[in-house]
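Listed here are the chains, written in short residue letters.
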Amino acid sequence: MLTAGPIDAYVATLRGALRGPRAAKADLVQEARDGLTDAAERYEDEGLDRLAAERAAVEEFGPVAALAPDYQRELALTQGRRTAVIIGAAVAVQALVSEVAWRRAAVAWNWQPGRGYQILAHTVDYATYAVVLGALLAALACGIGSRYVDVGRAFVRATGIAAIGVVAFFIVGGTLLSAFSPTWGQENTDGATSLSLVASAVTFGLPALMTYSGLRCVRAS
């Protein structure tokens, strides 16, 4: 049975120490392997055998414990950027679908919402704008902004927690708006329309996606 060489063992340890998007993680690990391989080949050219060359390359590279934090920060920022983009896009799509469904349903209504309902509706609307803008800023901060602003894993963790909070807020807000609307509890006698199917997919699919991405943010941080 073949025993893993020093480079293979080092790379396996590094891979196990990192958490984050698979593709980005694979790229970082491959980058480390390439660097180790180049160093080992250089030592071989200087006269060391392969095993000794790999050991020298690993020693030169430094312990995984010293290298992993920088790699993990990069992975966390990648996940934070993805989560922010998902949150911004999902909330925007959710708002658009809800608005279209609301306007179509309101044609048949003879109902004026009360003051409390209007306040709640405006709060949800303004929260939508704020979340989309905040998500855009977070995505920029985790991307090109990280060159100019000191953001790290704490920021990514906050982004993940905020994503989960956004899901909770819109679930509660949307449920209350639906519960106090004139159509609450009424069955659709026309059957499932394409709009209702889209609305259902948005209602259940996007919050699940946002929550999953938020949890991955927390894990990567």
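Note: the structure precedes this text.
If you're wondering where the values come from, they're calculated on a predicted model, not measured in any experiment.

(A) Focus on a negative patch on the surface. A contiguous patch of negative charge, built from D27, E31, D34, D38, E41, D45, E46 and E74, is present on the exposed surface. If you tally residues by element for the negative patch, the top one is helix α2 (residues 22-45), at six residues. Along the chain, the position of E41 falls in helix α2.

(B) Geometry of the packing of helix α1 (residues 6-17) against helix α3 (residues 50-61). Where α1 contacts α3, the two axes come as close as 8 Å, and the packing angle between them is 35°. Between α1 and α3, the residues in contact are P6, I7 and Y10 and R50, L51, E54, R55, V58 and F61, respectively. Residues that form the contact of α1 with α3 fall into these classes: six nonpolar, no polar and three charged.

(C) Here's a closer look at the packing of α1 against α2. Running from N to C, α1 and α2 cross one another at 155°; their axes reach a closest spacing of 10 Å. The orientation of α1 relative to α2 falls into the category roughly antiparallel. In this structure, α1 crosses over α2, and the sense of that crossing is right-handed. Taken together, the residues of α2 that come into contact with α1 (itself represented by I7, D8, Y10, V11, L14 and R15) are K25, V29, A32, R33, L36, T37 and A40. Considering only residue class, the contact of α1 with α2 consists of eight nonpolar, one polar and four charged.

Here is what the cut-offs are and how they apply
- Residues numbered from 1 in each chain as written.
- Predicted model: local features only at pLDDT ≥ 70, side-chain atom pairs only at ≥ 80, totals over all residues.
- Heavy atoms only, no water.
- Patch = residues over 30% accessible without salt bridge, like charges linked within 9 Å, V, L, I, M, F, W, Y side chains within 5 Å.
- Areas by Shrake-Rupley, 256 points an atom, 1.4 Å probe, with all protein chains shown as cover.
- Salt bridge = Lys/Arg side-chain N within 4 Å of Asp/Glu carboxyl O.
- Lys, Arg positive; Asp, Glu negative; His and termini not counted.
- Charge placed at Lys NZ, Arg CZ, Asp CG, Glu CD.
- Helix = DSSP H or I, 4+ residues; strand = E, 2+ residues; numbered from the N terminus.
- Axes fitted to C-alpha atoms, helices over the stretch in contact; angles between N-to-C directions.
- Contact = heavy atoms within 4.5 Å.
- Nonpolar A, V, L, I, M, F, W, Y, C, P; charged D, E, K, R; others polar.
- Parallel < 35°, antiparallel > 145°, perpendicular 65-115°, else oblique.
- Left-handed = near helix turned anticlockwise from the far one by under 90°.

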